[in-house]
Amino acid sequence: MTTTTGTVPSPRALARQRRRASVARFWRQYRAERAGLYGLAVLTLCALLALFAPLFVGSDVSSVTDAPGRPMQSPSAEFPLGTDQFGRDLLGLVVWGSRVSLLVGLLAAVLSVAIGTLIGVTAGHFKGWYATVMMRITDWFLVMPTLVLAIALATVMSRSLTTTVVAIGVTTWPTTARLVRAQTLAVETRPYIERAQALGGGHWHIMSRHVLPNVMPLVLAQTTLIISSAILAEATLAFLGLGDPTVVSWGGLLQDAREAGAVSAGDWWYLVPPGIAIAVVALAFTLCGRAVESVLNPRLGVSR
Amino acid sequence: MTADATPALVEDKQRTAAGPRVRKGSAYPRYLAGKLAGAAVSLLAVLVTSFFLFRLIPGDPVKTMTGGRQVSAEQLAAYREELGLGLPLWRQFTDYCGKALTGDFGTSYQFRAPVVDKITEALPNTLLLTGTAFVLYTALGIFLGTRSAWRHGRLGDRFHTGLALTLYSIPSFWLGLLLITVLSVGIGPLPGMFPTGGMESGDEEGFAHVLDVAHHLVLPVVTLVAVEYGQTLLVTRSALLDEMGSDYLTTARAKGLRDDLVRRRHAVPNALLPTVTLIFINLGRTVAGVILVETVFSWPGLGGLFYQALSVPDLPLVQGLFFEFATAVILMNTLADLVYPLLDPRVAR
């Protein structure tokens, strides 16, 4: 907007201006989705809590040797959520666990969506044998039960956070690939693509400058939804004992609780908080994803 | 996993919007052949995946199989023999396929019994659990989804949609643990009302045995229904909402039909089409997704077996179960493909 006075704006400034306008329009419509706003507020809170966790709880919160309390204490003023079988502060552990759960969820979703977008855009842009092979591979992964494949992958690889991220990432991308490919095919029929080709735009130019910006909104909505299932998947893998045993995560806490006999002893305070944390964060991401989806594609009617 | 179902539906919509495929002649046999061929390819894909997943990724498969345990040189040699590691890769693969298709997945390490025996032993228990849960959550999802859509925007709709989304975000194993703590073990004044796990308590015969199994079935089924019905509800609801503005509904109302009849006879049958696909996919998915619920409730089914196999890890058993779960999903997807055109003839055309 700064360069518009008097002269004709440069194409770049024009593009930037238009982009800013569309972001503003998106935000205006997003604000109308009440559930999406709640989700966003919860997520902001959780993200801040996870980022600044070292300020509230020391990094020695997961240390078994110098635990502050006695084993399996019920909630008290000193330990608001009680203690675990080693006498560690459960509130501290849940706060600390958010770092791993959120990080793994985010990374796995980014990996998944990145693979899906790459394959979707290229399979939509290059037709012929490349697209056929890519879509066959996509279908191949699509028929595998996601969770079972992720579990099998995590079983044969070493126990680490990388394993968890990879196991979730490489098993959840096919839906994104299908979606992005369908959108790419729709975008490529538009006249401005033909114009770009006529002006000598290469494959890279068309994919990165014309197709990608148009599939980005879809990718954004998809990422938000996938983070939610990635967080659940991470908790599941950790609960099955396939996560990194050296870090604290919400799923891992539940596994600890089960192994410590919290279920049969009726120690509800050990079981409730990690599960609520998982559910709240997963729900918040789902709400945001649905809000983004219904802003971008009102016809979908997911949250009408 | 909301992300799984909704995009698939979205894509279907976009595909139909892009223009129907034009084909002539009687479409169904050709459609059938196409879908069956697709299923065969998928099955092959599963075979290839299970072969490579458990043999090539870890490096030395024998080392992975023994997992750092103490093994004598003879045992190592025997494992190598059993896996056919001396043979060229393609021979290993064809041998593996031949064995897998006849149901031979080798011998489980921890049970010292053929994998296929363990699977057939556990399968009926899993079918009992998933079958009961499946019928209940599908009925509940369709019923509540229809009502929500018909009265959309009202308090009841907002409540049910919210509850479904919340339950959908809850890890099934956590809900199971909570139910055990509250209803089986008992908290405070509340006595434990249900067994904490397993499928039967012992030596009852006849009808008493049936009642006992049903008693054990309650909590696992409740858990499965709670985490699964939401998706069916949401899909039914949005499919019905799509139909709500249609002219034929206005016509039906103009004829003077009661609101109830308009809903049951006109709107719901059309709206159920996308739900049918989901139902079949769910059926396949539930068999795989039951792993956690069975683990938490010590239910003696395939999922519980999978967990036992993982913790060793007992690779022949993991491999056999992986094949089993994947096959179940493929089978159900194919069934959905075959039934769908009978309900909606436009699909096969």
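What counts as what
- Residues numbered from 1 in each chain as written.
- Chains lettered and ligands numbered in written order.
- Predicted model: local features only at pLDDT ≥ 70, side-chain atom pairs only at ≥ 80, totals over all residues.
- Helix = DSSP H or I, 4+ residues; strand = E, 2+ residues; numbered from the N terminus.
- Buried ≥ 20, exposed ≤ 12 C-beta atoms within 10 Å, placed from the backbone.
- Contact = placed C-beta atoms within 7 Å.
- UniProt positions renumbered as here; feature names shortened; annotations may be inferred.
- Core = buried A, V, L, I, M, F, W, Y, C linked by C-beta atoms within 7 Å.
- Expected span 1.5 Å × (residues − 1).
- Bend = angle between axes of the 7 residues up to and from the residue.
- pLDDT = per-residue confidence, 0-100.
- Axes fitted to C-alpha atoms, helices over the stretch in contact; angles between N-to-C directions.
- Parallel < 35°, antiparallel > 145°, perpendicular 65-115°, else oblique.
- Left-handed = near helix turned anticlockwise from the far one by under 90°.
- Nonpolar A, V, L, I, M, F, W, Y, C, P; charged D, E, K, R; others polar.

Draft legend 1. Region of interest: the overall build of chain B. If you tally the helices and strands in chain B, you get 13 helices and zero strands. Moving toward the C terminus, one meets the helices and strands of chain B in the order α-α-α-α-α-α-α-α-α-α-α-α-α. For chain B, the residues scored as buried account for 38% of the 349 residues in total. Here the contacts in chain B between residues at least 6 apart in sequence split such that 73% fall between residues at least 24 apart.

Draft legend 2. Geometry of the overall build of chain A. In terms of regular secondary structure, chain A is built from 12 helices and zero strands. N-terminal to C-terminal, the α/β element order of chain A is α-α-α-α-α-α-α-α-α-α-α-α. Each of the three principal axes of chain A carries a C-alpha extent, and together these read 75 × 50 × 35 Å. Counting over 304 residues, chain A shows a buried share of 46%. For chain A, contacts bridging at least 24 residues in sequence account for 69% of all contacts bridging at least 6.

Draft legend 3. Geometry of the UniProt feature "transmembrane region" (unreviewed entry) in chain B. Residue and element names in this part refer to chain B. Mapped onto the present numbering, the UniProt feature "transmembrane region" (unreviewed entry) falls on residues 36-57, 126-144, 165-187, 207-227, 271-297 and 317-343. Secondary structure within residues 165-187 divides into 83% helix and 0% strand; the distance between the first and last C-alpha atoms comes to 27 Å. In residues 317-343, helix accounts for 100% and strand for 0%; the two terminal C-alpha atoms are 39 Å from one another.

Draft legend 4. Seen up close, the UniProt feature "domain: ABC transmembrane type-1" (unreviewed entry) in chain A. This chain's UniProt record puts "domain: ABC transmembrane type-1" (unreviewed entry) on residues 98-289 of chain A. Taken end to end, residues 98-289 of chain A is 85% helix and 0% strand, and its first and last C-alpha atoms sit 20 Å apart.

Draft legend 5. Structural view of the nonpolar core. Grouped together as the largest cluster of nonpolar side chains are 150 residues, with contacts concentrated most on Ala-150, Ile-151, Leu-237 and Ile-278 of chain A together with Leu-321 and Ala-326 of chain B. No other element matches the 17 residues that helix H9 (residues 203-239) of chain A contributes to this core. The contact partners of Ile-278 of chain A, leaving out residues within four places of it in the chain, are Ile-231, Leu-232, Ala-235 and Trp-250 of chain A together with Pro-171 and Trp-174 of chain B.

Draft legend 6. A look at the UniProt feature "transmembrane region" (unreviewed entry) in chain A. All names here are of chain A. Taken from the UniProt record, the annotation "transmembrane region" (unreviewed entry) applies to residues 35-57, 100-121, 133-154, 160-180, 215-240 and 268-289. The distance from the first to the last C-alpha atom of residues 100-121 is 31 Å, and the span holds 100% helix and 0% strand. End-to-end, the C-alpha atoms of residues 215-240 are 36 Å apart, and along that stretch the chain is 96% helix and 0% strand.

Draft legend 7. Structural detail: H9 of chain A. Residues and elements named next belong to chain A. Here H9 is 37 residues long, yet its end C-alpha atoms lie only 45 Å apart, well below the 54 Å a rise of 1.5 Å per residue gives. The largest bend along H9 measures about 50 degrees and falls at Leu-212, with the proline Pro-213 one to four residues further on. Looking at the residues trailing H9, positive phi occurs at Gly-241, about 80 degrees.

Draft legend 8. Representation of the confidence of the model for chain B in the model. Residues and elements named next belong to chain B. Per-residue pLDDT for chain B averages 78, and the proportion of residues at 70 or more is 83%. Confidence scores differ between elements of chain B, with helix H1 (residues 2-18) showing the lowest mean pLDDT of 42 and helix H6 (residues 115-150) the highest of 90. Confidence over residues 1-24 falls short of pLDDT 50; this stretch has 31 contacts with residues more than four positions distant or in other chains. Two summary scores accompany this predicted model of the complex, namely pTM at 0.81 and ipTM at 0.82.

Draft legend 9. Representation of the packing of helix H12 (residues 268-296) of chain A against helix H8 (residues 172-186) of chain B. Where H12 of chain A contacts H8 of chain B, the axes come no closer than 10 Å and their chain directions differ by 150 degrees. Viewed along their axes, H12 of chain A and H8 of chain B adopt a mutual orientation that is roughly antiparallel. Note that H12 of chain A runs across H8 of chain B; the crossing there is left-handed. Together, Trp-268, Leu-271, Gly-275 and Ile-278 of chain A of H12 of chain A and Trp-174, Leu-177, Leu-178 and Thr-181 of chain B of H8 of chain B make up the contact between the two elements. Here the contact of H12 of chain A with H8 of chain B is composed, by residue class, of six nonpolar, two polar and no charged.

Draft legend 10. Seen up close, unusual backbone geometry. Residues and elements named next belong to chain B. Of note, the phi angle at Ser-298 is positive, near 45 degrees, even though the residue is not glycine. Examined against the element boundaries, Ser-298 turns out to sit in the loop between helix H11 (259-296) and helix H12 (302-311). What makes Ser-298 partly exposed here is the crowd of 16 C-beta atoms within 10 Å.

Draft legend 11. Broad picture of the packing of H6 of chain B against helix H13 (residues 315-343) of chain B. Residue and element names in this part refer to chain B. At a closest axis distance of 9 Å, the pairing of H6 and H13 adopts a crossing angle of 50 degrees. By the criterion of interaxial angle, the relationship of H6 to H13 is oblique. Here the hand of the crossing between H6 and H13 comes out right-handed. Packed against H6, whose contacting residues are Val-115, Val-116, Lys-118 and Ile-119, the element H13 presents Pro-316, Leu-317, Gly-320, Leu-321 and Glu-324 at the interface.

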